[in-house]
Amino acid sequence: MARTLVLALGTFAVGTDAFVLAGFLPDVAHSLHTSTSSAGQAVTVFAAAYALASPLVATATARLPRRALLVAALVVLAAANAASALAPNLPLLLASRVVAAVGAAGYTPTAGAVSAALVRPELRGRALSVVVGGLTVATALGVPLGDAVGAVMGWRAALWLVAALCLVTALAAGALMPRVPGAAPVAWAARLAALRRPGVAAVLPLTVLGMAAAYTVYAYAVPALRGVGVDGSGSAWMLCAYGVGAVVGNLVAGVAVDRIGPARVLATGYVVMATAMGVFAVLAATGTHVTVVVVVLAVAWGGASWCQTPAQQHRLMAAAPGEAPLVMALNASAIYVGIGVGTGVGGLMVASGVAGMFGVAAGVAVVALGWLGRTWRVGG
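You'll find the chain entered in an unreviewed UniProt entry as MFS transporter, with Catenulispora yoronensis given as the organism. Of the comments in the UniProt record for the chain, the one headed Subcellular location (unreviewed entry) reads "Cell membrane".

Right, dumping it as structure tokens:
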């Protein structure tokens, strides 16, 4: 269990790195003399670079011992965050986000595959949920804390703290993780063959759709929440509510996947997400501001967003037995394709109004539910 928690600490560092900028995009935009939607592309660029880098890094590092790879990836993340903290303009910030994505692409799929290998098959869902839990705790604690640090010391200080966290985690992984050998590299032909497998081809698009629905609004959460009556420091508390929902949703999903199957978990999540986004859209369109309702919706949004990953990972490993590292890397790419698509769409919707942004997110969640219905029995 201690080793799984070390892996989760690493995914917490990755998650904080990926999402911390969302907590203070207006401040980043002001500091770098650009617009909020342009600053939001730092999230989009990270996601797109991660999606492209994940299979490349998996191929290039296949022979490396897993412990060494985990440590090296965290060191790259630390260096990239230091570069982001020093960036004097938007182009250099975006370039440093690409480097950070390469480090994340080396860490997250490896951590998921190692966690699954360290436990019995019947406990795989729980182990995956703990590791993914690092990402969800990052949304619960890392992003709001980053927002708080940014408010007091500036957004650059928050990135320096992320860099320090990555280094501490690298030391812990080097000291506590067991020696796990690498494997033979997987040729691109084999990767493409895995994509052509009916089960994998059926499951991966759902990851893209589900994450796009979840992240159409998230990177622009501060202006979006302002549209439903949440201003100033209230946005940090709402992001914390989202994070609490994310943690609970992920942990409950890990247990539920083992008990009732991944498809039922996903169906519940998409119904909740579509409902939450739809109600947010109505509140924004009508100018209705009810704080308690917004808190409940934020918790539901977080839970629906982060119940997806353990279930999708479980479906993929069931659809492609014996190819866990490969399908985990493919799923990680699909996650960040979805985040990139959702963030890009959200950026286009900022100028047209918050209600439309929430409405689009609800619509994509409904599409995801429909895709799940078509592929219900795959990887069950």
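> A description of the overall build of the chain should follow, citing residues and the corresponding values.
The helix and strand tally for the chain stands at 17 helices and zero strands. Expressed as a percentage of its 380 residues, the buried residues of the chain come to 57%. By element, 72% of the accessible surface of the chain is carried by carbon and sulfur atoms, the whole surface being about 14,000 Å².

> Describe the nonpolar core, listing the residues and the values that go with them.
In this structure, Y215, V228, M277, Y336 and F358 are the most contacted members of the largest nonpolar core, which totals 98 residues. Those residues in contact with F358 that lie beyond four places of it in its chain are V217, A224, V228, M277, F280 and A281. Counting 13 residues, the second largest nonpolar core, distinct from the first, contains V257, A263, L266 and C307.

> Any details on the packing of aromatic side chains? Residues and values, ideally.
A complete count under the given rule lists eight aromatic pairs for this structure. Look at F280 and F358: their rings are 4.6 Å apart centre to centre, the planes differ by 15°, and that puts the pair in the stacked class. Of this pair, F280 sits in helix α13 (residues 262-286) while F358 sits in helix α17 (residues 354-374), placing them 78 residues apart in sequence. Neither residue differs from the other here; F280 and F358 are each classed as buried. Over the ring of W371 we find R374, and its NZ or CZ is 5.0 Å from the ring centre.

> Could you give an account of the side chain of Q308, with specific residues and numbers?
Mapped onto the fold, Q308 is located in helix α15 (residues 308-319). In this structure Q308 comes out as buried when scored by relative accessible area, which is 2%. Here the side chain of Q308 touches G210 through a polar contact of 3.4 Å, landing on its backbone oxygen. Excluding its chain neighbours within four sequence positions, the residues that come into contact with Q308 are G210, M211, A214, L266, Y270 and M273.

> Give a detailed account of the pattern of salt bridges, specifying residues and quantitative values.
Evaluated as defined, the whole model comprises one salt bridge. Between D17 and R97 there is a salt bridge, with its nearest N and O atoms 2.8 Å apart. Of the two residues, D17 sits in helix α1 (residues 2-19) while R97 sits in helix α6 (residues 90-117), which places them 80 residues apart along the sequence. This pair shows no difference in class: D17 is buried, exactly as R97 is.

Basis of the calculations
- For every chain, the first residue of the written sequence is number 1, and numbering continues from 1 along that sequence.
- Only residues with pLDDT of at least 70 are given local features in this predicted model, and only at 80 or more are side-chain atom pairs given and counted; all residues enter the totals for whole chains, interfaces and linings.
- The basis for every side-chain value is the complete set of heavy atoms in the structure, and neither hydrogens nor water enter the calculation.
- UniProt positions are given in the numbering used here, feature names are shortened, and annotations may be inferred rather than shown by experiment.
- Numbering of helices and strands runs from the N terminus, with a helix taken as a DSSP run of H or I at least four residues long and a strand as a DSSP run of E at least two residues long.
- The cut-offs for exposure are 20% and 50% of the maximum accessible area for each residue type, with area from a 1.4 Å probe on protein chains only; residues under the lower value are buried, those over the upper are exposed, and the others partly exposed.
- Computed by Shrake-Rupley with a 1.4 Å probe, the accessible areas treat only the displayed protein chains as cover when residues are assessed.
- Side-chain atoms within 4.5 Å are what join buried Ala, Val, Leu, Ile, Met, Phe, Trp, Tyr and Cys residues into a set we call a nonpolar core.
- Should any heavy atoms of two residues lie within 4.5 Å, those residues are considered in contact.
- Pairing of aromatic side chains here covers Phe, Tyr and the six-membered ring of Trp, requires ring centres within 6.5 Å, and sorts the geometry by plane angle: under 30 degrees stacked, over 60 edge-to-face, intermediate tilted.
- Put simply, a charge is over a ring when the Lys NZ or the Arg CZ is close to the ring centre, within 6 Å, and near the line of the ring normal, within 35 degrees.
- By the criterion applied in these results, polar contacts are pairs of N or O atoms within 3.5 Å in which, for protein atoms, one can donate a hydrogen and the other can accept it, and in which residues neighboring in sequence qualify only through two side-chain atoms.
- Any carboxyl oxygen of Asp or Glu that lies within 4 Å of a side-chain nitrogen of Lys or Arg is treated as forming a salt bridge with it.

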